[in-house]
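Breakdown of the fold
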Amino acid sequence: MPVLKNKTQGNFVIVSRNIAEDKLLKLIDRGLLLTLLSLPDKWDFSIRGLTKILPEGKAAIQSSLERLIE
C-alpha cells in the first residue's frame, strides 16, 4: 500500500503540478487526492472516514480511490 506523506507548510499543502495538469484525472479524483494529501500522517485512512469529512457518498469516494490507484 502506498504511503502518503503530509507535505504541509502551515495552512498550505504542497502538491505537484503533475496532479493539477493530469488530463486523465477527473475533477473529483484531483479533489480527493488533494484532501488525502492534506490530512495528518497518522489519520486513519478509510472510506468510512472519508465519508465523514467529504460531501460525496461512499460509492463516489470508492470509485475515485480505485481510479487513483490505477
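This section reports on the structure supplied with the text. Being a predicted model, the structure only gives us computed values, none of them experimental.

So, on to the overall build of the chain. Each helix and strand counted, the chain has 4 helices and 2 strands in total. Taking the contacts inside the chain whose residues are at least 6 apart along the sequence as the reference set, 45% of them involve residues at least 24 apart. As displayed, the chain offers around 5600 Å² of accessible surface, 57% of which is attributable to carbon and sulfur atoms.

Let us look at helix α2 (residues 27–38). With 12 residues, α2 should reach 16 Å at 1.5 Å per residue; the first-to-last C-alpha distance of 17 Å fits that figure. Where α2 is buried, its residues meet β2 (12–13), α1 (17–21), α3 (47–53) and α4 (58–69).

Moving on, we come to the pattern of salt bridges. Taken as a whole and judged by the stated rule, the model has 2 salt bridges. With a closest N to O distance of 2.9 Å, Asp 29 and Arg 67 form a salt bridge. Of this pair, Asp 29 sits in helix α2 while Arg 67 sits in helix α4; the two residues are 38 residues apart in sequence, bridging distant segments of the chain. For Asp 29, a relative accessible area of 1% gives the class buried. You can call Arg 67 partly exposed: its relative accessible area is 30%.

Turning next to the environment of Ser 46. In this structure, Ser 46 sits in the loop between α2 and α3. You can call Ser 46 partly exposed: its relative accessible area is 27%. Taking the C-alpha atoms as reference points, Ser 46 and Gln 62, separated by 16 residues in sequence, lie 9.7 Å from one another. A polar side-chain atom of Ser 46 sits 2.9 Å from the main-chain amide nitrogen of Gly 49.

What counts as what
Residues numbered from 1 in each chain as written. Predicted model: local features only at pLDDT ≥ 70, side-chain atom pairs only at ≥ 80, totals over all residues. Heavy atoms only, no water. Helix = DSSP H or I, 4+ residues; strand = E, 2+ residues; numbered from the N terminus. Contact = heavy atoms within 4.5 Å. Areas by Shrake-Rupley, 256 points an atom, 1.4 Å probe, with all protein chains shown as cover. Expected span 1.5 Å × (residues − 1). Salt bridge = Lys/Arg side-chain N within 4 Å of Asp/Glu carboxyl O. Buried < 20%, exposed > 50% of the residue type's maximum accessible area, 1.4 Å probe, protein only. Polar contact = N/O pair within 3.5 Å; in protein donor to acceptor, adjacent residues only side chain to side chain.

Everything listed here is a matter of coordinates, which is why it stays silent on function.
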